[in-house]
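Chains, contacts and geometry: an overview
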Amino acid sequence: MNFLSKENGILSWLLTGDHKRIAMLYLFSITFFFFIGGALAGLIRLELLTPQADLMATDTYNKVFTMHGVIMIFFFLVPSVPATIGNFLIPMMVGAKDLALPKINLLSWYLYMAAGILALYTMATGGVDTGWTFTTPLSTHYVNNNVLTTGLAVFIAGFSSIFTGLNFIVTIHKMRCPGMTWFKLPLFVWSNYAASILMVLGTPVLAITIVLIALERTTHIGVFDPANGGDPILFQHLFWFYSHPAVYIMILPGMGVVSEVISTFSRKRVFGYTAVAFSSVAIAIFGFFVWAHHMFIMGISNYSVIVFSLLTMLVAVPSAIKIFNWTFTLYKGSITFETPMLYAFGFMGLFTIGGMTGIFLGTSGTDIHLTETYFIVAHFHFVMVGGMLMAFLSGVHFWWPKMTGRMYPEKISQLAAVVTFIGFNFTFFPQFILGTLGMPRRYASYPPEFQVLNVFSTAGASILGVGYLLPVLYLTWSLKYGEIAGNNPWQATGLEWQTQSPPLTENFPVTPIMDHDVYDYEWLESQKAKEVASV
Amino acid sequence: MTTNGSKARKQKRLRVSDSTANPHGAPQAEGHAHHAHPPYLRHHFESVEQQADTTNFAMWLFLLTEIMFFGGLFTAYLIYRNWYYPAFVAASHQLNIFWGTLNTLLLISSSFTMAMGVWCAETRKQSGLVLCLILTFILGLGFLGIKTIEYSEKIEKHHVPGFHYSLNSFLNPDSDEAAKAAGDKPLPLDMARHTEVYFSLYFAMTGMHAVHMIIGIAILGFMIFRARAGAYTTGHVTFVENFGLYWHFVDIVWIFLFPLLYLISRHAN
């Protein structure tokens, strides 16, 4: 008996309050949207195979990259780790029976689906071509009315994200089991806590910004319209006040996954646990004070540029703390190379490159040359795809045995991890070079001398596509044919591993008591010794 | 965890709260496995106190998101008021202070009746609770009624931003009663046009506030029926309390909106 087999029928899923079932619903949904966004990315890369705009009209190209951005950011990256793995694991990691507000949790999935369907409807009825940034006055005065439906979709998806974040914060504060003090929380919980703070504080600002855009389009009020004395730069400020922290909403939960995986597969407590925990909170706090680095060339004052440039450099500090501490965790550990670990290594390497190139863009002098080129495209894809997506896949593989009770096939998944890594570098590394050579982003055509690197990039994208399809195939296969996993196949220390796989609906047969330290592998050994002795 | 067997299964902890986590369980809870559960205790909470604590905390967090939501509007207001102060002063003279003050009174009274309602629920006075909720409901409706009167005044005078917006009251204050009464001087055309930004913000801010009022009144209507059925007077007051927090929040937003929109420069007169 477990949470999957307890009840059957479609309604038992659609009306469930169980965080684990909602996590599964989310997992299916975001995978679906990921492949739609991926297909759009494929179209972009195909178009850029040749210097001319020949596959589609330039206008269609604009719509394709806009929808690619909207779907990947709001319907994949933001909910990816928190709403699936986090939803499944946070109650288990803190030793609770469920998230604090199960109905709100289910509501958040329904809102997500409603928003997603609205976005797809927009796409089917002609799409929107503002770019995912909805820049005014383009979005308020010039392009077609699909801005409204897309905006509404993002608005609703925002509420879904707010509810997830709110639920996590409340659960982590109020639902911890006896003995689970703040500094015994797994780092995955810490990083999701930090991301939740960003969701709760940032997303409402995006919501009101979208409301103002909708009002400006429909009733012609003049908050952002210079003709009425409004200021389009105010829109930029409000938009990036959410959308920069959103970057950390996307990456922080991934960092949590990597902390868990690195500790488990090097059999060591995470080096400097407290520093890593607080670095998540520090990223969340600093993340709110760097937004104007997206606006260096938008007409903000020189003083703002200097201040925001400096603040941007500060975010590098907690990010570097994480990378260094993971490296120190590996030092003298008993490292094994299971698939989650391979993905985690991928994350560390690619996120480091993505982060370091962020320094180039946070420095105002180089930013003026590099912004709006492929350099910036490569930079955020290194962080988002190379970082976050690797972490997501790492987490899915790591907790797959817990979620489904089955092991995935190890050899082929290791292959998929390597293919993804190679494909990723082929796709996006050439874009750094293209950017420094001056190829602007968001155009369907480009000068012929850039073609060789673009062909490289498109070829890499097809390898990357194979890398993403493989897990879908073998993970589905493993649902039925995978080896039975057992409770704790990785010999990991988290509370979630101390109960059966897949877990009971109420997670634990009795409320657990956290009487040992977090990442305490000696405690785990002693538990095993006890079990052997009792037999 | 599972090795403790049936003994551990009987263990039932009374309370798991934020700072009092007890690593070895609460021994006094032993043997209380079958004590009565009130029907409103949901399965994933250990105790009624934990449930009330949790939902309360969630409500405060939700209000925090609401502050950020209105925060975007207040930021826009702050910036434009600094840039276009004369336009904001002249435009604010077009608002009706009498209606605004009356509405402030209505809302503050409704917060009082709501607070009384929470007290009635806590002390299990059913008829008192119903009365308080109905009074809050009526006061809320009254607020929206007066808001409608104010909005229709704006429509009549073409002060709604958009195609029909008229600058007449600001270019020729003598032709406008309200402007004349406030002793406004004619604004230069450039500055006069910025009154549209003021009214954009006026409608956006009071409109968002009104949307929150409408949602609140709808929930109040639902609560009146539930309260008459005795739902909140059996000890389970969390819902009433949390709604009270929401209602006071909406009230407080108005307490900020009133001086910012109606009372600019009034101290000089």
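Residues numbered from 1 in each chain as written. Chains lettered and ligands numbered in written order. Predicted model: local features only at pLDDT ≥ 70, side-chain atom pairs only at ≥ 80, totals over all residues.

Notes on the overall build of chain A
In plain terms, the rule: A helix here means a DSSP run of H or I that spans at least four residues, while a strand means a run of E at least two residues long, and both kinds are numbered starting from the N terminus. Only the C-alpha atoms count toward the radius of gyration. The rule for a globule is 2.2 Å times the residue count to the power 0.38. Residues are called buried when their C-beta atom has 20 or more other C-beta atoms within 10 Å, exposed when it has 12 or fewer, and partly exposed otherwise; all C-beta atoms are positioned from the backbone. C-beta atoms are first placed from the backbone for all residues, and any pair lying within 7 Å is then listed as a contact.
Tallying secondary structure elements over chain A gives 17 helices and zero strands in all. Taken over C-alpha atoms, the radius of gyration comes to 23 Å for chain A, in line with the 24 Å a tight globule of 535 residues would show. When its C-alpha atoms are laid out on the principal axes, chain A stretches across 80 × 45 × 45 Å. Scored against the burial criterion, the 535 residues of chain A give a buried share of 58%. Residue pairs in contact within chain A that sit at least 24 positions apart in sequence constitute 85% of those at least 6 positions apart.

Focus on the interface of chain B and chain A
Basically, it comes down to this: Residues are grouped as follows: Ala, Val, Leu, Ile, Met, Phe, Trp, Tyr, Cys and Pro are nonpolar; Asp, Glu, Lys and Arg are charged; all remaining types, including Gly, are polar.
Chain B puts 43 residues into the contact, and the matching count from chain A is 48 residues. Ranked by residue count, the leading element in the side of chain B that touches chain A is helix α2 (residues 48-83) of chain B, at 16 residues. For the side of chain B that touches chain A, the residue count by class is 22 nonpolar, 15 polar and six charged.

A look at helix α3 (residues 85-92) of chain B
Listing the buried residues of α3 of chain B in full gives Ala87, Phe88, Ala90, Ala91 and Ser92 of chain B. Its buried side turned inward, α3 of chain B meets α2, α6 (168-171), α7 (177-182), α8 (189-193), α9 (195-228) and α10 (238-262) of chain B.

Focus: unusual backbone geometry
All names here are of chain A. Thr136 connects to Pro137 through a cis peptide bond whose omega is 0 degrees. Locating Pro137 in the fold gives a position in the loop between α5 (102-124) and α6 (138-142). You will see that Phe134, though not glycine, has its phi angle at about 50 degrees, which is positive. Relative to the helices and strands, Phe134 is located in the loop between α5 and α6. C-beta crowding within 10 Å serves as the criterion here: with 24 such atoms nearby, Phe134 is assigned to the buried category. At Arg267, a residue that is not glycine, the phi angle is positive and equals roughly 55 degrees. Following the sequence through the fold, Arg267 ends up in the loop between α9 (232-266) and α10 (273-287). In this structure Arg267 comes out as partly exposed when scored by C-beta crowding, with 17 C-beta atoms within 10 Å.

Points about the environment of Phe296 of chain A
Residues and elements named next belong to chain A. You can see Phe296 is positioned in the loop between α10 and α11 (302-330). Residue Phe296 is classed as buried on the basis of its C-beta count, with 22 C-beta atoms lying within 10 Å. Separated by 121 residues in sequence, Phe296 and Met175 have C-alpha atoms that sit 44 Å apart. What Phe296 contacts, discounting residues up to four positions off in sequence, is Val305, Ser364, Asp367, Ile368 and Thr371.

As for the environment of Val78 of chain A
All names here are of chain A. Mapping Val78 onto the fold places it in the loop between α3 (58-77) and α4 (80-93). The class for Val78 is buried, based on 25 C-beta atoms found within 10 Å. In this structure, the C-alpha to C-alpha distance between Val78 and Gln500, residues 422 residues apart in sequence, is 29 Å. Look past the residues within four positions of Val78 in its chain and what remains in contact with it is Ile73, Ser161, Ala246, Ile249 and Met250.

Focus on the confidence of the model for chain B
Residue and element names in this part refer to chain B. Selection rule: Looking at any residue, its pLDDT shows the predictor's confidence there, from 0 to 100.
Taken residue by residue, chain B gives an average pLDDT of 85. The fraction at 70 or more is 86%. Within the model, pLDDT remains below 50 along residues 1-34, and this stretch shows 54 contacts once partners closer than five positions in the same chain are excluded. Confidence metrics for the complex model read pTM 0.92 and ipTM 0.91.

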